[in-house]
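One letter stands for each residue in the lines below.
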Amino acid sequence: MPTRREFIRTAALFALAPRILAASERKIWVNDVHSQLNRTRIRELLRPRTRDEFVEIVRSASRQGLPISVSGCRHSMGAQQFATDSLCIDTRSLDRVISFDQESGLIEAEAGIQWPKLIHTYLDAQAHREKQWGIAQKQTGADTFTLGGSLSSNVHGRGLAMKPLISNIESFTLINVDGKSIRCSRHENNELFRLAIGGYGLFGLIDTVTLRLVPRQKLRRVVEIVHANDLPRRFEERIAQKFLYGDFQFSVDEKSSDFLQRGVFSCYEPIDEHEPIVAKRELRDDDWLDLLRLAYTDREKAFKRYSDYYLSTNGQTYWS
Ligand SMILES: Cc1cc2nc3c(=O)[nH]c(=O)nc-3n(C[C@H](O)[C@H](O)[C@H](O)COP(=O)(O)OP(=O)(O)OC[C@H]3O[C@@H](n4cnc5c(N)ncnc54)[C@H](O)[C@@H]3O)c2cc1C
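The text that follows walks through the structure, step by step, so that each part is easy to find. (Residues numbered from 1 in each chain as written. Predicted model: local features only at pLDDT ≥ 70, side-chain atom pairs only at ≥ 80, totals over all residues. Heavy atoms only, no water.)

**Notes on the layout of surface pockets**
Taken as a whole, the largest pocket holds about 1,800 Å³ of empty space. In terms of lining, the largest pocket is formed by 48 residues, of which the most central are Lys138, Thr140, Gly141, Asp143 and Arg158. When residues of the lining of the largest pocket are traced back to their parent elements, those giving at least two are α3 (115–125), β13 (218–227), β14 (245–250), α7 (285–297), α8 (299–312) and β16 (317–319). Considered class by class, the residues forming the lining of the largest pocket number 28 nonpolar, 11 polar and nine charged. Each of domain 2 (97–215) and domain 3 (218–319) contributes no fewer than three residues to the lining of the largest pocket. Taken as a whole, the second largest pocket encloses approximately 580 Å³ of empty space. (1 Å grid on protein atoms, 1.4 Å probe; cavity = no way out; pocket = protein on both sides within 12 Å on 5 of 7 lines; lining within 4 Å. Points joined across faces, edges and corners; volume = space filled by probe spheres on them. Helix = DSSP H or I, 4+ residues; strand = E, 2+ residues; numbered from the N terminus. Nonpolar A, V, L, I, M, F, W, Y, C, P; charged D, E, K, R; others polar. Domains from an automatic or database assignment.)

Here it is in structure tokens:
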């Protein structure tokens, strides 16, 4: 005959069982977008639509002592955005621009916003202005990164002499373990400011970010094919000549002696604001798909076609 205490404990376990079993049996799996090497089992996938919901998830997890993980677009390939059996928060619905001060160039947005929406929003808002603001830098090679993921990885762009993204962050708000919102800047909670930027989500959840924009500039692209050995000297030269951005895209043909040695060296120099924007040659969606196919089937041809295209854009002008 069970004692009263044993009876209550057994009854409580039965009451909890559906939730415990549901969590373990549901087996929700997540993974990063590119490498797909980080398949992780999570307890629940949560997609807050408002910042209040975001805070409530943290408070509720804290009360229950449950681990949290937070992800943006899941591009990082080291599984930093997941934790086994955690409540995994997908921030991508938190994507509103909160304010844009066209006098100071400060723009505040929710952390789940992706670069294309942020950029379109400030460009649309300034369509009538002759002098416009723009971001100083973002990652290259892809656009669909969240601001929160970018801040947490302290990303770099193509700026030849720029410090990483931290140099463009004015402030942010962070949700701590109690669900409290903490404003962090160089003047307020400075230690958290330095830790959370590049902190991979370990110091709290980034809720909103205020970026300092820079004046948009007209730029000319200058393209050459160079050898990797010459790169340090060539980059030094371009920096001394006041080029603003640049990159090197090397040969991907592993059968060639040029593999990872020769590459397309492109840099961007500021030009007079009265010069026209002439960027006639650009790759269309079909061209990109063709290049992708060649990257799997014929890398020599892929690099030749890509470098020929890039060389043909030498001298074209663009807005930063
Ligand atoms: C094709 C490609 C090109 C790239 N190019 C560059 C480049 O040029 N320069 C560069 O520096 N990097 C580059 N990267 C790396 C990329 O910038 C980072 O992986 C970036 O973090 C991805 O953003 P995301 O929105 O996908 O974040 P996720 O991968 O989802 O998350 C990244 C990290 O941020 C944390 N995080 C996300 N949101 C929040 C939040 N709201 N609060 C707290 N923490 C959060 C996550 O927990 C995780 O630790 C590139 C990656 C790819 C795949």
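**Focus on unusual backbone geometry**
At Ala79, a position not held by glycine, the phi torsion is positive, near 65°. Secondary-structure assignment places Ala79 in the loop between β4 (68–71) and β5 (87–90). If you check the backbone angles, Asp85 has positive phi at about 60° while not being a glycine. By relative accessible area, Asp85 is classed as partly exposed at 32%. (Buried < 20%, exposed > 50% of the residue type's maximum accessible area, 1.4 Å probe, protein only.)

**Brief notes about the sheet that holds strand β3 (residues 44–46)**
Ordered in space as β3-β5-β4, the three strands form an open sheet in which the pairing is parallel. Here the strands that pair on one side only, and so sit at the sheet edges, are β3 and β4. Along the sheet, successive strands turn relative to each other by an average axial angle of 25°, direction set aside. Of the strand pairs in this sheet, β4 and β5 are connected by four bridges, and their pairing is parallel. Residue pairing for β5: Ile68 is matched across the bridge by Leu87. Packed onto the sheet, helix α2 (residues 51–64) meets β3, β4 and β5 and runs at close to 170° relative to β5. (Pairing = 2+ DSSP bridges. Axes fitted to C-alpha atoms, helices over the stretch in contact; angles between N-to-C directions. Contact = heavy atoms within 4.5 Å.)

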